[in-house]
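For reference, the chains in residue letters:
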Amino acid sequence: MDKIFSKAKWIWLAESCINQYADFVDTFIAEQDRPVRLYISADSNYAVYINGKLLYAGQYPDYPDYKVYDVFDIASYCKSGENRIAILCMYVGEDNSTYYAAEAGLCYEIVSENKVLAYSGEHTRSRLDPCYRSGAMEKISPQLGYSYRYDSRREDGWTERHAAGFGRSVCIEKNCRLVVRPIERLRYVWEAPHILRSCGGYSLPENKGTAAEKVKNSYLRHAAPCNEVKLPSENGFTLCSDATGCYILVDMLEECAGFAYLDFELPQDAEVYIAFGEHLHDLRVRAEIGGRNFAATYIAHRGRNRWLGCMRRLGLRYLQIHFSAPQVKIYDCRIVKTEYPVEALPAKAKDRWHRQIYECGVRTLRNCMHEHYEDCPWREQALYACDSRNQMLFGYETFSGGNLQYAQANLRLISKGLRSDGLLQLCFPSRMYITIPAFSLYYILAVIENYEFAKDRQFTEEMLQTVEKITACFSGRIDDTGLLPRFTEPPYWNFYEWRDGLDGEPIMRDHEIPKRYDACLNLMYVIVIERLERLYRQLNRKLPQEYIVQVEKMKRSIRNYFYDSQRHAFVVSHDGKRADKMYAQLTQALALLAGVCEGIEKEITESLFDESLIPVTLSCKPWVYEALLQEGQGYLQWIVRDIENVYGKMVLNGDTTFYETEKGADDFGLAGSLCHAWSAVACYIFNKYGEEIE
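Quantities reported herein were computed from a predicted structural model and do not represent experimental measurements.

Draft legend 1. Inspection of the overall build of the chain at higher detail. Looking only at helices and strands, the chain features 14 helices and 32 strands. Computed over its C-alpha atoms, the radius of gyration of the chain comes to 27 Å, within 12% of the 26 Å expected for a compact globule of 694 residues. Counting every position in the chain, which comprises 694 residues, the buried fraction comes to 63%. Taken as a whole, the chain presents about 26900 Å² of accessible surface, with 45% of it coming from carbon and sulfur. Between the centroid of the 82 positive side chains of the chain and the centroid of its 95 negative side chains there is a distance of 2 Å.

See the structure below:
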């Protein structure tokens, strides 16, 4: 067994800045037919090349004190004698929804049979990367951070041969624990079906703004008959324009995620704008939306350009590329897909239509699984406790082996995001001002459900250390009414789902809000504590008696405060004196699951079909389905019809994944996601109950 990082030191350039790209090179001597392993970790991301050939790109997201390293067998990349390792690193440098800011750094070691062949240190040659622009620039979105600008005219072949500008690296201090990547690495799908959907010329009245704004503001003029053009094209096809430049629109035929790959030829140097999106509702990719910039800039050199953008994963179905030149020859432009290597189980559904819906759900789940679960691959790529609880639950019934290792790695990563107030961060790994209290309850549910499927006592007890801090936080806030008031302080967003009265808006505020009691928060807490108590019994442990006493009192208070006997439904909220007279489908489902409907189960169950109630959104459909199935499988056919009506429409619409909300792309100021894994409940229902579905 190799000694790991026995000589390596953390290194970087002499100076660091936000959104910084740096190059590192080293050489080592390898012997034929000897094992050679590379150990590597970086903050924030890396792409590593051996003798000029890309090995891998993608640092596992982690925390400053919980650093993950990768292990590669690189013997097949090496030759006998001197070899070259080249590492391109990108340092984010500031907090966002997918990154927790820490010191920039790179640490690597190459070992053969316990002999260290190369390691990071002051001797490692490094420089600021000349092609990528470092420093502040436009952001794709607040969650994803900076876009990029790459200048191919400055390429000098540094990954495979000597290049200018390199100097000694600087050793830095990083106080962290290094752990091996807990999941498998992504696989690259280099050949994926794609077609040219449109092409022609474009005019840009004013050549200013971001790449996304330029794509948005261009006038397009369709030209060549695209059905005659096949990609990739061995000999290339030529586009000409007498306007600002030429454009192409590539359809990947389904929602996907991966690296942009360009292969084209120009008669001159020119800027190329790479825009990406999920639909063509505007007869083009919707590149700029409310300050978000779903585009990047590539500066091409005269002649043939071949380039893989492996430092930024894009989520999309369509690539729209603008070449600011009068002529371009296209060989290929597409996405190299990055997929987590998990195998889907065959659909148990008997009906072909149901199997189509199931496959759409599988594709949705896959596109939201990379280094960790993601809410969506396009706009955020962020790990949320609510979204991931759905993804785990659906995945247990959808993927081979339940994909339990992946789920546990996510639960552990989330646990590292425990705040000082006893709640979890909003996203992981990140450090944000606001958080959603209810999402910490979803995390507890996810831990409980993981044990139900995995029966892994050791892992579960490790996670219970975080669970106990969360439950103590909630328990300590219960007041004399026996209820949990909503969190009134500015850092807390009292969100349950995207409906008026349940969305907790405004998201950001600098003032305390009035004390009020939300039914959803109290009902979720009851559900969590009662299920947690059952888990403790299975583990031969005891939940603190005070929690059980509190919950019994809370159930009585919920009935007294929230149940409207005239309306035969539970209200959404109560200020302690009067109810708000808002009634939501979600509230009724949670009430049934919390066991607060003694004597009125029939009325509350029937209320789930009351169209005058605030309807449940896609993220919370599982609550409604679970509440109905709790009454037996008599409601299973209704659930199937609901899946057909809600999710089947998306399939019939030609979309290949399930939406964030039923409004699709038009929600959230035209920034609604068309691929959101919290919506893939059809997979769970069809595979868990497939034999019973008519």
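Draft legend 2. Molecular detail of the packing of aromatic side chains. Counting across every chain of the model gives 42 aromatic pairs. Ring centres 5.4 Å apart and planes at 65° place the aromatic pair Tyr 63 and Tyr 100 in the edge-to-face group. Of this pair, Tyr 63 sits in the loop between strand 5 (53-57) and strand 6 (66-73) while Tyr 100 sits in the loop between strand 7 (81-91) and strand 8 (105-112); the two residues are 37 residues apart in sequence, bridging distant segments of the chain. For the pair Tyr 63 and Tyr 100, one class covers both residues: buried. Ring centres 5.7 Å apart and planes at 75° place the aromatic pair Phe 474 and Phe 487 in the edge-to-face group.

Draft legend 3. Quick peek at the pattern of salt bridges. Tallying each qualifying case throughout the model produces 47 salt bridges. Lys 208 is paired through a salt bridge with Glu 206; the nearest N and O atoms lie 3.3 Å apart. The salt bridge partner of Arg 334 is Asp 332, with a shortest N-O separation of 2.5 Å. Like Asp 332, Arg 334 is buried. Connected through salt bridges with shared partners, the residues Asp 23, Arg 127 and Asp 156 form a single ionic network.

Draft legend 4. Highlighting the sheet that holds strand 14 (residues 167-168). Judged by pairing direction, the sheet is antiparallel, and its six strands sit side by side in the order 5-4-7-2-10-14 without closing on themselves. Strands with a single pairing partner mark the edges of an open sheet, and in this sheet they are strand 5 and strand 14.

Draft legend 5. Quick peek at helix 11 (residues 621-629). Counting buried positions along helix 11 gives eight out of nine residues, so the element sits mostly inside the fold. Listing the buried residues of helix 11 in full gives Lys 621, Pro 622, Trp 623, Val 624, Tyr 625, Ala 627, Leu 628 and Leu 629.

Draft legend 6. The pairing of strand 10 (residues 125-128), seen in detail. Pairing of strand 2 (residues 20-30) with strand 10 involves four bridges; the strand directions are antiparallel. Its bridge partner lying in strand 10, Ala 22 is registered against Leu 128.

Rules used throughout
Residues numbered from 1 in each chain as written. Predicted model: local features only at pLDDT ≥ 70, side-chain atom pairs only at ≥ 80, totals over all residues. Heavy atoms only, no water. Helix = DSSP H or I, 4+ residues; strand = E, 2+ residues; numbered from the N terminus. Rg over C-alpha atoms; globule rule 2.2 N^0.38 Å. Buried < 20%, exposed > 50% of the residue type's maximum accessible area, 1.4 Å probe, protein only. Areas by Shrake-Rupley, 256 points an atom, 1.4 Å probe, with all protein chains shown as cover. Lys, Arg positive; Asp, Glu negative; His and termini not counted. Charge placed at Lys NZ, Arg CZ, Asp CG, Glu CD. Phe/Tyr/Trp six-rings, centres within 6.5 Å; stacked < 30°, edge-to-face > 60°. Salt bridge = Lys/Arg side-chain N within 4 Å of Asp/Glu carboxyl O. Pairing = 2+ DSSP bridges.

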